[in-house]
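Below, each chain spelled out in residue letters.
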Amino acid sequence: MQHHSFPPTPPMGWNSWDCYGAAVTESEVRGNAAYMAEHLKEYGWEYVVVDIQWYEPGAVSSQYRPFVRLEIDSYSRLVPAVNRFPSAAGGQGFKPLADYVHGLGLKFGIHIMRGIPRQAVHDNAAIKGMNVTAREIAHSNSICPWNTDMYGVDASKDGAQAYYDSQFELYAEWGVDFVKVDDIAASRLYGTHLEEIELIRKAIDRCGRPMVLSLSPGPAPIELAERFEANANMWRMTDDFWDLWPLLLDMFDRCERWEGRPRPGCWPDCDMLPLGHIGIRSVDGGGSDRWTRFTRDEQLTMMTLWSIFRSPLMFGGELRDNDAWTLSLLTNREVLHMHRSSFGARQALREGPRIVWTAEGPDGERYAALFNTGEEPVVVSVSLAELGMNGSAAQGKELWSGRETGLLEGELSAEVQPHGAALFRLEG
């Protein structure tokens, strides 16, 4: 399938949600893009994604204002709110902002909700190139339980595909490289919206511009894995992930459930990395303006699990506020090489608080991630055979600290701190 030709490695970037909720501004997007270009681009970070409600002039946080008027064009398509994105004035949409991001050598993405704006339906607005109107293609009983912006689109109606085609035609004109579609992979009311996923897949294929398609929220049902793979590039395995240990602990089960599925163009998604300075205008996740509540050991656990599983990496904090520690998590070349190049990740051991994941490297190396989910330091040990290594001896390095292991005979063993991780590259 054509869309599986990209992205060949898990997408890496920044998303505005964890720090700015629905209220990010153009200057903040440009500032984070500039930081990424200067500090992160050389390490493979490339996507700059504007999250939800960029079309809502009065958005001030992650709390949505119900049933407010939105910015919309004459063909029922949402457009950026000019008071928040001044370069969109004169009908330019996101093109000037996308051009700026592209000029930095990066890629530009947006968040959308599935469906058609309720406002367009109530106004009986036009659909580009069709004699039908928004009201005629809307599925007014198909709604999002947490946001009032949209009605679903009835895929059986004449004009449904044309609406999505015109939407993605507009995004192609803007220069969009990445689209995160929400209220579609899973829903508390309706399950997975497979028909609209397929409408969107066709619209992207027809628009003439490659775009990564990311589906939210989760948990995406594993039973539909082949349908997700047939239509999208990434899909959420979880509901919104925040800086809370129980959510991180739960991710071990989710990764085990999706074990074996990550491959080029198809990336089960552990969700964003709530690291650094978050909650600036986003009050979700039970917090407010703060630095991540994860301890440093928990941050290492998250980065290690996401990386060996090969989840997309979408940083959620205000990049310009990063301290040296946070930046070090994003710029470890050997960890990022594993994230880009390894394969066959699997859980090798799980005994009480001790968990081990392993993966193969492209040059015959093996990776071993040792986790301690308990409340006290423990020694985590795994045999080289359990890691899939043929020999009885190996040597290697712990990638976060840079510490050499020396000669290993028969097993790998390390003391791991509570809620912590150690990540090894081994050669035998």
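Residues numbered from 1 in each chain as written. Predicted model: local features only at pLDDT ≥ 70, side-chain atom pairs only at ≥ 80, totals over all residues. Heavy atoms only, no water.

Where strand 5 (residues 138-143) meets strand 6 (residues 150-153), three bridges bridge the pair, whose relative direction is antiparallel. Paired with His 139 across the two strands is Gly 152, which belongs to strand 6. Between strand 5 and strand 6, which pair antiparallel in sequence order, lie six residues. (Pairing = 2+ DSSP bridges. Helix = DSSP H or I, 4+ residues; strand = E, 2+ residues; numbered from the N terminus.)

Let us look at helix 7 (residues 194-207). Taking 1.5 Å per residue, 14 residues should reach 20 Å; helix 7 reaches 20 Å between its end C-alpha atoms and fits that length. For helix 7, every residue scored as buried is listed here: Leu 194, Glu 196, Ile 197, Leu 199, Ile 200, Arg 201, Ala 203, Ile 204 and Cys 207. The elements touched by buried residues of helix 7 are strand 6, helix 6 (160-174), strand 7 (178-182), strand 8 (212-215) and helix 8 (225-231). Positive phi shows up at Gly 208, right after helix 7, with a value of about 85 degrees. (Expected span 1.5 Å × (residues − 1). Buried < 20%, exposed > 50% of the residue type's maximum accessible area, 1.4 Å probe, protein only. Contact = heavy atoms within 4.5 Å.)

Looking now at the pairing of strand 2 (residues 47-50). Burial of the side chains of strand 2 extends over both faces: Tyr 47 and Val 49 are buried on one face and Val 48 and Val 50 on the other. Pairing geometry for strand 1 (residues 12-15) and strand 2, over three bridges, is parallel. Across the sheet, Asn 15 pairs through a bridge with Val 49, a residue of strand 2. Pairing of strand 2 with strand 3 (residues 107-113) involves four bridges; the strand directions are parallel. Bridged to Val 48 within strand 3 is Phe 108. Crossover connection from strand 2 via helix 3 (residues 95-103) to parallel strand 3: handedness right-handed. (Right-handed = clockwise from strand over helix to strand, strands pointing away.)

Attention now moves to the layout of surface pockets. If you add up the space inside the largest pocket, you get close to 310 Å³. As for the largest pocket, its lining consists of 20 residues, and the residues nearest its centre are Trp 17, Tyr 64, Trp 146, Asp 240 and Asp 284. Among the elements of the structure, helix 1 (17-20) and strand 7 are those that each provide at least two residues to the lining of the largest pocket. Considered as a void within the structure, the second largest pocket measures approximately 180 Å³ in volume. (1 Å grid on protein atoms, 1.4 Å probe; cavity = no way out; pocket = protein on both sides within 12 Å on 5 of 7 lines; lining within 4 Å. Points joined across faces, edges and corners; volume = space filled by probe spheres on them.)

The next subject is the pattern of salt bridges. Close approach of charged atoms allows side chains of opposite charge to pair. Overall, the coordinates contain 30 salt bridges when judged by the stated rule. Glu 42 is the partner of Arg 333 in a salt bridge, and the nearest nitrogen-oxygen pair spans 2.6 Å. With a gap of 291 residues between them, Arg 333 in helix 12 (residues 333-341) and Glu 42 in the loop between helix 2 (26-40) and strand 2 connect regions that are remote in the sequence. Its relative accessible area of 46% is what places Arg 333 among the partly exposed residues. For Glu 42, a relative accessible area of 54% puts it in the exposed group. Salt-bridge contacts for Arg 366 lead to Glu 360; the nearest nitrogen and oxygen are separated by 3.9 Å. (Salt bridge = Lys/Arg side-chain N within 4 Å of Asp/Glu carboxyl O.)

With antiparallel pairing, three strands are arranged side by side in an open sheet as 4-6-5. Each edge of the sheet is formed by a strand with only one pairing partner; in this case those strands are strand 4 (116-117) and strand 5. In this structure, strand 4 lies alongside strand 6, joined through two bridges in antiparallel fashion. Paired with Pro 117 across the strands is Met 150, a residue of strand 6. In the packing of helix 6 onto the sheet, the strands contacted are strand 4 and strand 6, and the crossing angle to strand 6 comes to about 120 degrees. (Axes fitted to C-alpha atoms, helices over the stretch in contact; angles between N-to-C directions.)

Sheets are built from strands paired through backbone hydrogen bonds, the pairs being either parallel or antiparallel. Overall, antiparallel pairing links the six strands, which are arranged 14-15-16-21-18-19 in an open sheet. The two strands at the open ends of the sheet, each matched to only one other strand, are strand 14 (343-351) and strand 19 (404-409). Neighbour to neighbour, the strand axes of the sheet diverge by 25 degrees on average, direction disregarded. In this structure, strand 16 (residues 366-372) lies alongside strand 21 (residues 420-427), joined through seven bridges in antiparallel fashion.

With that settled, consider the nonpolar core. The biggest cluster of nonpolar side chains holds 127 residues, and the ones touching the most others in it are Trp 45, Trp 54, Phe 168, Leu 215, Trp 306 and Trp 357. Ranked by the residues each element gives to this core, the list is headed by helix 6, at eight residues. Mapped onto the domain boundaries, this core takes at least three residues apiece from domain 1 (3-341) and domain 2 (345-427). Among all residues touching Leu 215, those that are not within four sequence positions of it are Val 181, Ile 184, Ala 185, Ile 197, Phe 228, Ala 232, Met 234, Trp 235 and Arg 236. With 19 residues, the next largest nonpolar core counts Val 378, Val 380, Ala 394 and Leu 426 among its residues. (Core = buried A, V, L, I, M, F, W, Y, C linked by side-chain atoms within 4.5 Å. Domains from an automatic or database assignment.)

Okay, the packing of aromatic side chains next. Applying the stated criterion across every chain yields a total of 18 aromatic pairs. Ring centres 6.1 Å apart and planes at 35 degrees place the aromatic pair Phe 241 and Phe 294 in the tilted group. Taken as a pair, Phe 241 in the loop between strand 9 (234-236) and helix 9 (245-257) and Phe 294 in the loop between strand 12 (290-291) and helix 10 (296-309) lie far apart in primary sequence, 53 residues in all. With relative accessibility at 2%, the residue Phe 241 sits in the buried group. You can call Phe 294 buried: its relative accessible area is 4%. Aromatic rings pair up to connect Trp 54, Tyr 55, Phe 85, Phe 94, Phe 108, Phe 168, Tyr 171 and Trp 174 into one cluster. (Phe/Tyr/Trp six-rings, centres within 6.5 Å; stacked < 30°, edge-to-face > 60°.)

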